[in-house]
Amino acid sequence: MIYTPSSNKIINTKAPQVVFENGLRKIKPHYDTRTCAIKGRFFNRTLVDILTSEFRSKTEEEYIKEILDGKYRIYVHYKNAEIIEKQKENSNFTNELSDPQQILTYRFKQNDAYTISYHKHEPFCLQWCDDEVTDFGKNLICGMDILANNEDYIVIDKPGGIIVHPSASYYDNSITNILFHSTGNKFYSTFRLDKVTSGVLALGKSSEGAKKFHENIKNKNCFKYYLAKTKGKFPGTAIGLGKFMDMCNNKNAKGNEEVDFPMETAVIERSPIYQIDTKSDFKHGFSEPKEAESHFQLIAFNESKNESLVLCRPISGRQHQLRIHLMRLNHAIPGDFIYDIEKSYYPKKISFIKEVLDHREQYPDVTVLKDKFDEFRDEFIDLLNDNSDGVPIPCPECGQEEFTEPPVEEMKIFLHSFRYRIVEEDASTPDLCFQTKLPQWAFEFSK
C-alpha cells in the first residue's frame, strides 16, 4: 500500500472540545496524528538530527525513546514509475517506514514526510465573542463579521490573537479550522495576516478560489490600508478622526490612492526588512534583507495618552514591515511585545534590527556577527527558561507540560487591516474593496 500523508493543514473532521476561560479560547487535550512535510534544509538529515536541532523541546534521548516506542512513521516519496516497478517486484510494497531502526537511520529527501502520534496540547488563542454564531443572514461566521461572500472566497474581519491557518503548535485554534468545524467546508488562506493583527482577511473556498484571489492581487494594483496606534506625537498634520470617518464612505469609489485616503503630509519610510531567527543555527539565522517601503499619515493625536492614530499604507509586503518601520521611526506600537523595545521580549535583537538597517552593508563578512547571534540566542533561551509565570504543571495523561495562560494584552496589538482595494483596469468594472468597522481603540482619538 502507498501512503500519501495529508498536509498538516488538513483538518480532522472531529470537532475538538472548546472551553472559554479568562478571555481565552482553549482546546481540550486529545490524541492525534500530525503530519510534517520535509523542508529543503532537512534534506539528507535523519529524523533525530532534525528533531534535536530544529525543535529542541526534548533531549536526543527522549526523541529516540519516542521513535523506539513507535510514535513516528516516515513516508518515502517515490515517482509513479518507481512505484509501479516496486509493486511489480513486491505486491505488498509500501512507502511507510515503521521499523524504529529504519526510522533512526533514514536520511530524508525531497517530498518525504513523517508523522507523529501524540497527546495533543494546543496553545490558547484569544476569545473574540461569547458564542461563535454562524448566521449568513446577519453576515456572521463564527462570531466574525463577513465583509464579502461569493462562490470563490469569503472575506472576514479577523480578530486579533488568533492564527490564520495551522502552524507550529496551532491547529484547531486557527481561523481555517474553526470555520471548517462550523460550516463543514474547507477554507484556504490567500495572503498573510499575523496572529496578533486584526482586520481584513480573504479566504478561498477552494484551492482554486484562493489561487484566483491571490493572482488578482498579484496582477493588479492593490491598495492596502492599516490603522495603528503609535507611541508619541507622530509627525505631520492630523486629518482628524471625524474627517477620516467621512472619507471611509468612499468605499465604492474607483481610481488611484487619492480616491481612498489622501496622505498629504505622509511620512515615507524606506528601509530593508529582515528577520533574525534564534530558533535556527547561525548559518540560517539572518534572513536576506529585502527592500521595503511604507507610507504613514497622522489621523489624530491623544495628548493625555501621548499616543497617535496613524493610517499606514505598505507599498511592499514584507513580514512585520509596518511594525519594524514604525519602530525605526521611533513611534513603535505601544505594548508590541516584539518591536516596542521597552516591552520587548528580545530587546537586544530588536535594538540591532532598529539600528542596523541592512546587515549585508554594515557587515559584509557575516561571520563577524557570530558573537552577536550567540548573544541574541542566549536572550531567547533565557526567556524560555524564565519560570516567572509559575511552575509548569505536567499533564496527568502524557506528562507533557501544560500550557500556561499568557497575558491577554500580549496576544494582540494595536494594528488593524482596515481596507483592501483591488483596482479593476476596466473603467466599467467596480473595484474589489473590503473595509471593516473601525477598531474600538480608534475611538480613543475622537476628541
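Note that the structure is a prediction, hence the values are computed from the model and not measured. (Residues numbered from 1 in each chain as written. Predicted model: local features only at pLDDT ≥ 70, side-chain atom pairs only at ≥ 80, totals over all residues. Heavy atoms only, no water.)

What to know about the pattern of salt bridges
- Scanning the model with the defined rule gives 30 salt bridges in all.
- Across the salt bridge formed by Arg 192 and Asp 194, the nearest N and O atoms sit 3.0 Å from each other.
- Residue classification places Arg 192 among the exposed positions, given a relative accessible area of 54%.
- For Asp 194, a relative accessible area of 14% puts it in the buried group.
- The salt bridge involving Arg 270 is made with Glu 293; its shortest N-O contact spans 3.2 Å. Residue Arg 270 is located in strand β14 (residues 267–270), and its partner Glu 293 is located in strand β15 (residues 293–302); the two are separated by 23 residues in the primary sequence.
- If you follow the salt bridges from partner to partner, you end up with Lys 254, Asp 260, Arg 419, Arg 421 and Asp 431 in one network. (Salt bridge = Lys/Arg side-chain N within 4 Å of Asp/Glu carboxyl O. Buried < 20%, exposed > 50% of the residue type's maximum accessible area, 1.4 Å probe, protein only. Helix = DSSP H or I, 4+ residues; strand = E, 2+ residues; numbered from the N terminus.)

Considering unusual backbone geometry
- The backbone of Asn 139 shows a phi angle near 55 degrees, a positive value even though the residue is not glycine.
- The residue Asn 139 is located in the loop between β7 (125–126) and β8 (140–141) in this model.
- In this structure, Asn 306 is a non-glycine residue whose phi angle is positive, near 55 degrees.
- Within the secondary structure layout, Asn 306 lies in the loop between β15 and β16 (307–314).

Brief notes about helix α2 (residues 60–68)
- Residues of α2 that are buried include every one of Tyr 63, Glu 66 and Ile 67, and no others. The buried side chains of α2 occupy one side of the element, clustering within an arc of 100 degrees when seen end-on. Exposed and facing more than 90 degrees away from the buried side of α2 are Glu 61 and Lys 65.
- Where α2 is buried, its residues contact α1 (47–55), β4 (72–75), α4 (100–105) and β6 (113–120).
- Positive backbone phi, at 85 degrees, marks Gly 70, one or two positions downstream of α2. (Arc of directions from axis to C-beta. Contact = heavy atoms within 4.5 Å.)

What to know about a negative patch on the surface
- Taken together, the side chains of Asp 371, Glu 375, Asp 378, Asp 382 and Asp 386 make up a negatively charged region of the molecular surface.
- Mapped onto the secondary structure, Asp 378 falls in helix α13 (residues 370–384).
- What makes Asp 378 partly exposed here is its relative accessible area of 45%. (Patch = residues over 30% accessible without salt bridge, like charges linked within 9 Å, V, L, I, M, F, W, Y side chains within 5 Å. Areas by Shrake-Rupley, 256 points an atom, 1.4 Å probe, with all protein chains shown as cover. Lys, Arg positive; Asp, Glu negative; His and termini not counted. Charge placed at Lys NZ, Arg CZ, Asp CG, Glu CD.)

Some points on the side chain of Ser 174
- For Ser 174, the position within the fold is in the loop between β10 (153–158) and α5 (175–183).
- Once you skip the residues sitting within four places of it in the chain, Ser 174 turns out to touch Ile 162, Ile 163, Val 164, His 165 and Pro 166.

Here we look at the sheet that holds strand β1 (residues 18–21)
- One open sheet holds the 3 strands; their spatial order is β1-β2-β7, and the pairing between them is antiparallel. At either end of the open sheet lies a strand with only one pairing partner, and these are β1 and β7.
- In the sheet, strand β2 (residues 24–27) pairs with β7 via 2 bridges, with the strands oriented antiparallel. Within the sheet, the bridge partner assigned to Arg 25 lies in β7 and is Cys 125. (Pairing = 2+ DSSP bridges.)

Digging into the pairing of strand β13 (residues 222–231)
- Burial runs high along β13: 9 of the 10 residues are buried.
- One ladder, built from 7 bridges, connects β13 with strand β17 (residues 415–422); its direction is antiparallel. Counterpart to Lys 224 in the pairing with β17 is Tyr 420.
- Examined bridge by bridge, β13 and β16 share 6 bridges and lie antiparallel to one another. Pairing of Lys 231 across the sheet is with Glu 307, part of β16.

Notes on the sheet that holds strand β3 (residues 30–37)
- Overall, antiparallel pairing links the 4 strands, which are arranged β3-β6-β4-β5 in an open sheet. Only two strands of the sheet have a single partner each, and these edge strands are β3 and β5 (96–97).
- Here β4 pairs with β6 via 4 bridges, running antiparallel. In the strand pairing of β6, Arg 73 is matched with Thr 115.

Let's talk about the state of the cysteines
- On inspection of all chains with the given rule, the structure shows 0 disulfides.
- In this model Cys 142 remains outside any disulfide bridge; the closest cysteine sulfur is found in Cys 129, 8.2 Å from its own.
- Summary of cysteine pairing: Cys 222 is not part of a disulfide, and the nearest cysteine sulfur, belonging to Cys 433, is at 9.9 Å. (Disulfide = S-S within 2.5 Å.)

Focus: the packing of aromatic side chains
- Applying the stated criterion to the full structure yields 22 aromatic pairs.
- Considering the side-chain rings of Tyr 345 and Tyr 346, the 6.2 Å spacing of their centres and the 85 degrees angle between planes classify their relative orientation as edge-to-face.
- Taking relative accessible area as the criterion, Tyr 345 reaches 30% and is therefore assigned partly exposed.
- Since its relative accessible area comes to 17%, Tyr 346 is described here as buried.
- Aromatic rings pair up to connect Phe 282, Phe 286, Phe 352, Tyr 363, Phe 373 and Phe 376 into one cluster.
- A cation over an aromatic ring shows up here: Lys 26 above the ring of Phe 124, its NZ or CZ 4.9 Å from the ring centre.
- The positively charged end of Lys 349 is found above the aromatic ring belonging to Tyr 346, 4.7 Å away from the centroid. (Phe/Tyr/Trp six-rings, centres within 6.5 Å; stacked < 30°, edge-to-face > 60°. Lys NZ or Arg CZ within 6 Å of the ring centre and 35° of its normal.)

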